[in-house]
Amino acid sequence: MSKKVLTTPIKDEDLKDIKIGDIIYLTGTLVTCRDVAHRRLIEEKIPLPVDLKGKAIFHAGPIVRDLGNEKYEIVSIGPTTSMRMEKFEKEFIEETGVKLVVGKGGMGKNTEEGCKKHKALHLVFPAGNAVYAATKVEEIKEVHWKDLGMPESLWVCEVKEFGPLIVSIDAEGNNIFEENKVEFNKKKEEQYKLISEQVRFIK
């Protein structure tokens, strides 16, 4: 099976055959974008200083080495919990045209709707691999909103085959975390019933 690599700028048709549970890799532009950047755009109506149309964001707060002369190097770049951005993500996708939202853990209904309506994906980068992830960043092209501090700044990275990225919400709004939750709860109830029958003598 060949490796699925998406290259920015990403178009709607690039995502049509990608389903939840698929593993993909990213080549091109990846911008770190956390809580405060989302809040500035959605709540404070401050335009982002970088064009995200067709590109990817990463819910991450990297550790960055300053090399001087406006040159920087990623030391470590691990995902932060995506659910913190849930209340902003639908509007964020709509306003920016971003195609990939990468982070840790699942997201909810708001993001499902945004991904379905505007043809985008939410993807999970495996936690605990922040140093490995840094090796996939070829260059920091720009940095914006440095007043927010290192973790919250917008670091515009050029990446090559960044991943593995697990599709958690596809462009049809299917959500692997929610689907698994239903299935696991069903199995849990079945096991509760079985165990109850086997240990009822304890009561």
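What counts, and at which threshold
- Residues numbered from 1 in each chain as written.
- Predicted model: local features only at pLDDT ≥ 70, side-chain atom pairs only at ≥ 80, totals over all residues.
- Heavy atoms only, no water.
- Helix = DSSP H or I, 4+ residues; strand = E, 2+ residues; numbered from the N terminus.
- Contact = heavy atoms within 4.5 Å.
- Areas by Shrake-Rupley, 256 points an atom, 1.4 Å probe, with all protein chains shown as cover.
- Lys, Arg positive; Asp, Glu negative; His and termini not counted.
- Charge placed at Lys NZ, Arg CZ, Asp CG, Glu CD.
- UniProt positions renumbered as here; feature names shortened; annotations may be inferred.
- Buried < 20%, exposed > 50% of the residue type's maximum accessible area, 1.4 Å probe, protein only.
- Pairing = 2+ DSSP bridges.

J.: Describe the overall build of the protein, naming the residues involved and giving the relevant values.
T.: Of the regular secondary structure elements, the protein holds six helices and nine strands. A separation of at least 24 residues holds for 66% of the contacts in the protein among residues at least 6 apart in sequence. By element, 52% of the accessible surface of the protein is carried by carbon and sulfur atoms, the whole surface being about 10,800 Å². Each charge sign in the protein was given a centre, from 33 positive and 34 negative side chains, and these centres are 3 Å apart.

J.: Explain the UniProt feature "domain: Fe-S hydro-lyase tartrate dehydratase beta-type catalytic" (unreviewed entry) in the protein to me, and be specific about the residues and the numbers.
T.: Using the residue numbers shown here, the UniProt feature "domain: Fe-S hydro-lyase tartrate dehydratase beta-type catalytic" (unreviewed entry) corresponds to residues 6-179. Secondary structure content for residues 6-179 is 24% helix and 34% strand, while the C-alpha to C-alpha distance between its ends is 25 Å.

J.: I'd like to hear about the pairing of strand E6 (residues 100-103), residue by residue, with values.
T.: Burial of the side chains of E6 extends over both faces: Leu 100 and Val 102 are buried on one face and Val 101 and Gly 103 on the other. As paired strands, E6 and strand E7 (residues 121-124) are joined by four bridges and run parallel to one another. Residue pairing for E7: Val 102 is matched across the bridge by Leu 123.

J.: Outline the environment of Asp 12, supporting the account with residue identities and numerical values.
T.: With respect to the helices and strands, Asp 12 occurs in helix H1 (residues 12-15). Judged by its relative accessible area of 40%, Asp 12 is partly exposed. Those residues in contact with Asp 12, other than ones at most four positions away along the chain, are Lys 99, His 118 and Lys 119.

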